[in-house]
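Inside the fold
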Amino acid sequence: MALDKATVARIAALARIKLPPSEQEPLARELSAILGWIEQLGEVDTAGIEPMSSGAALRLPMREDEITDGDCRDKILVNAPAAERGFFTVPKVVE
Amino acid sequence: MAALVEGRTGAWEVVIGLEVHAQIISRAKLFSGAATAFGAEPNTQVSTVDAAFPGMLPVINRHCVEQAVRTGLGLDAEINLVSVFDRKNYFYADLPAGYQISQYSRPIVGKGKLSLDLPDGSSREIGITRLHLEQDAGKSLHDQHPTLTYVDLNRAGVALMEIVSEPDIRSAEEAGAYLRKLRSILRYLGTCDGNMEEGSLRCDCNVSVRRPGAALGTRCEIKNVNSIRFVMQAIEYEARRQIEVIEEGGTVKQETRLFDAGRGVTRPMRSKEEAHDYRYFPDPDLLPLTLDPAWVEGLRRALPELPDAKKARFIAAYKLSPNDAGVLVGEQSSADYFEMVAKGRDPKLAANWVMVELYGVLNRLGLGIERPPVSAAALGELIDLIVDGTLSGRLAKDVFAAMVETGKSAAALVEERGLKQVTDSAAIAGAIDAILAAEAGKVAEYRAGKEKLFGYFVGQVMKATGGKANPALVNEALRRKLAG
């Protein structure tokens, strides 16, 4: 599977990664090579095998419905670039 | 029969599908141990998992899974014994991880159905496409500061069920009926409190129009409508708008719109459609969710009696009309209240007192039936006093009003205020004689054939006895004396 420049630019925009136009072509080449390498898996015959979404043969662990966490606002806000009156603050985003 | 909308160029059919986000009732969040209570101080119910600190791992809340399965069972839906959590990727200030953990291709609940109760007493089935589990996002406040948006993550990570209907709904009224029914089922199950003001239940509406029987038209999605009334208004407006666009030679553009409740209109959201490329993929932090069939069966057996079954039972056991039964089963608590009043009494009389007098008082005082001003037992005693002849229906209404006011029992009020109905024939006869003597002219008119004066005499006798005379006895004695 080959990625073109336009697709790379679109993925970058969706991921909020700033990508100078000069880097689009080389990145498209690199990503295409990675996808091509992974596509080798397509050679394995998987007919009749259930698709899997995890490689671990474990059951999903569960927690009980108990309040065991939270109430630690200072810890939550300590790394925030900006906070005010107990809220995170960001430049105004209005729809 | 689908309701059609008349346009300038002919009839149109409106096609509606609803996506409801229902907040699950749980103490802790879907993937963390932080609390979920509404209205806490900002960011005090946030764990490092909810704030997406590096290296934090989600661990699913068993109770939330159970709530989703019970809801699925209540909607008569397939329960998928294996389901998968996916990441839905988008950027917004109140989504700390840059993705929402949701379910995409393999939801926990598959196809189900919901039966709509229509105003004419009939019902219609609406298909449920799926129900999946997902996290809620945080809350952005745009009006607290001139240049900043404030973000509160208390809601981030709270468990939601997204319940998607088939495009089977054909009018704003049906959409309203669907939401009321869904809300009722969720509240019976105790899986969501259905409180739209607090955002526990939110609705996205997919609306399109077509000529009757034609292929589906292009749809618009109206996001995040937060009351049943607004859902109905938004659909009415949007259907009209689309019909006008088409009738004027235009085409409907597929887009996301917002409902402006103040102006009663929908308008397009400004964000680009490209933002809706969510690039779902299985969340590598979570294994597939597998359910034990015996556990699911246990949940099925423990389900409460749901509104449809209860309604059918009320009609069969109490001989109520479908409409009365439908009103009484809308809330579990009103159904329970009715059953307590009706126990050992005339169910029709009990239903009337609950639906007319009690509901009237609840509406007037703005109270819910969970905390009634008159208990079911106390209302039952009042009804007993009507049936045994102590109180006339009219006096009983006065006593009921006094019960609401004072909290005293019906028997105590009757005693205290001397309201006991006069059933003493001699006393009634005395009152009648006095009236007939004083109204000799009218008596003569009556006897000359002006029979409608009878009601006048009854009224005078009731007035003379302070409304306490037994009306049946008054009628009988009066007839006898006027004839004689």
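The structure this text deals with has already been given above.
An account of the accompanying structure is given in this report.

Conventions used here
- Residues numbered from 1 in each chain as written.
- Chains lettered and ligands numbered in written order.
- Predicted model: local features only at pLDDT ≥ 70, side-chain atom pairs only at ≥ 80, totals over all residues.
- Heavy atoms only, no water.
- Helix = DSSP H or I, 4+ residues; strand = E, 2+ residues; numbered from the N terminus.
- Rg over C-alpha atoms; globule rule 2.2 N^0.38 Å.
- Buried < 20%, exposed > 50% of the residue type's maximum accessible area, 1.4 Å probe, protein only.
- Lys, Arg positive; Asp, Glu negative; His and termini not counted.
- Charge placed at Lys NZ, Arg CZ, Asp CG, Glu CD.
- Contact = heavy atoms within 4.5 Å.
- Buried area = accessible area lost by both parts, 1.4 Å probe.
- Salt bridge = Lys/Arg side-chain N within 4 Å of Asp/Glu carboxyl O.
- Polar contact = N/O pair within 3.5 Å; in protein donor to acceptor, adjacent residues only side chain to side chain.
- Axes fitted to C-alpha atoms, helices over the stretch in contact; angles between N-to-C directions.
- Nonpolar A, V, L, I, M, F, W, Y, C, P; charged D, E, K, R; others polar.
- Parallel < 35°, antiparallel > 145°, perpendicular 65-115°, else oblique.
- Left-handed = near helix turned anticlockwise from the far one by under 90°.
- Core = buried A, V, L, I, M, F, W, Y, C linked by side-chain atoms within 4.5 Å.
- Phe/Tyr/Trp six-rings, centres within 6.5 Å; stacked < 30°, edge-to-face > 60°.
- Lys NZ or Arg CZ within 6 Å of the ring centre and 35° of its normal.
- Pairing = 2+ DSSP bridges.

Next up on the list: the overall build of chain B. When helices and strands are counted, chain B shows 15 helices and 17 strands. The C-alpha radius of gyration computed for chain B amounts to 30 Å, which surpasses the reference 23 Å derived for 484 residues by more than 25%, pointing to a less compact arrangement than a globule. Considering only C-alpha atoms, chain B reaches an extent of 95 × 55 × 50 Å along its principal axes. Here chain B holds 484 residues, and 52% of them are scored as buried. Charge centroids of chain B, computed over 59 positive and 63 negative side chains, lie 3 Å from each other.

Before going further, it helps to spend a moment on the interface of chain B and chain A. Opposite the 54 residues of chain B that make contact, chain A presents 40 residues. Between chain B and chain A, a total of about 4,400 Å² is buried, with carbon and sulfur atoms accounting for 56% of that surface. When residues of chain B are sorted by the area they lose upon contact with chain A, Arg62, Tyr150 and Leu287 of chain B head the list and together hold 14% of the total. Counting across the chain B and chain A interface gives 2 salt bridges. The partner of Asp277 of chain B in a salt bridge is Arg10 of chain A, and the shortest N-O contact between them spans 2.3 Å. Where chain B meets chain A, there are 24 residue pairs in polar contact (both at pLDDT 80 or more). Those elements that provide at least two residues to the side of chain B that touches chain A are β3 (60-61), α1 (62-74), β10 (148-152) and β17 (289-290) of chain B. Looking at the side of chain B that touches chain A element by element, the count peaks at 5 residues for β10 of chain B.

Residue and element names in this part refer to chain B. The N-to-C vectors of helix α6 (residues 322-329) and helix α7 (residues 332-342) enclose an angle of 115°; their axes lie 6 Å apart at closest approach. Every residue of α7 that contacts α6 at Val327, Leu328 and Val329 is listed here: Gln332, Ser334, Ala335 and Phe338. Residue composition of the contact of α6 with α7, grouped by class: 5 nonpolar, 2 polar and no charged.

Residue and element names in this part refer to chain B. Helix α8 (residues 347-365) packs onto α6 with a crossing angle of 55° between their chain directions and a minimal axis gap of 11 Å. If you check the angle between α6 and α8, you find them oblique. As α6 runs across α8, the sense of the crossing is left-handed. Contacts between α6 and α8 involve Asp324, Val327 and Leu328 from the first element and Lys348, Ala351, Val354, Met355 and Tyr359 from the second. For the contact of α6 with α8, a count of residues per class yields 6 nonpolar, no polar and 2 charged.

What follows concerns the nonpolar core. All names here are of chain B. The biggest cluster of nonpolar side chains holds 112 residues, and the ones touching the most others in it are Ile108, Ile163, Tyr178, Leu379, Leu382 and Phe400. Ranked by residue count, the leading element in this core is helix α2 (residues 172-189), at 10 residues. Ignoring anything within four residues of it in the chain, the contact list for Leu379 reads Tyr337, Val341, Trp353, Val354, Val374, Phe400 and Met403. Ranked by size, the runner-up nonpolar core spans 18 residues in total, among them Ile435, Tyr446, Phe457 and Val458.

Residues and elements named next belong to chain B. All chains considered together, the criterion is met by 13 aromatic pairs over all chains. Ring geometry for Tyr90 against Tyr278: centres 5.9 Å apart, planes inclined by 65°, an arrangement best described as edge-to-face. With a gap of 188 residues between them, Tyr90 in the loop between β5 (86-89) and β6 (99-102) and Tyr278 in the loop between β15 (265-268) and β16 (281-282) connect regions that are remote in the sequence. Residue classification places Tyr90 among the partly exposed positions, given a relative accessible area of 23%. Relative to Phe259, the ring of Phe230 lies with its centre 5.7 Å away and its plane at 50°, an arrangement referred to as tilted. Taken together, the positions of Phe230 in helix α3 (residues 228-247) and Phe259 in strand β14 (residues 256-260) put the pair 29 residues apart, joining distant regions of the chain. Note on Phe259: relative accessible area 15%, which makes it buried. Each member of the aromatic cluster is reached from another via a ring pair, and the members are Tyr90, Tyr104, Tyr278 and Tyr280. Its end group placed over the ring of Tyr278, Lys88 keeps NZ or CZ at 4.3 Å from the ring centre.

Moving on, we get to the sheet that holds strand β2 (residues 83-84) of chain A. Taken together, 4 strands build an open sheet; the order of strands is β2(A)-β3(A)-β10(B)-β9(B) and the sheet is antiparallel. In this open sheet, the two edge strands, each paired with only one partner strand, are β2 of chain A together with β9 (139-141) of chain B. As judged from the 4 bridges shared by strand β3 (residues 87-91) of chain A and β10 of chain B, these two strands associate in the antiparallel manner. What sits directly across from Val90 of chain A, in β10 of chain B, is Thr149 of chain B.

These results come straight from atomic positions and should not be treated as a statement about function.
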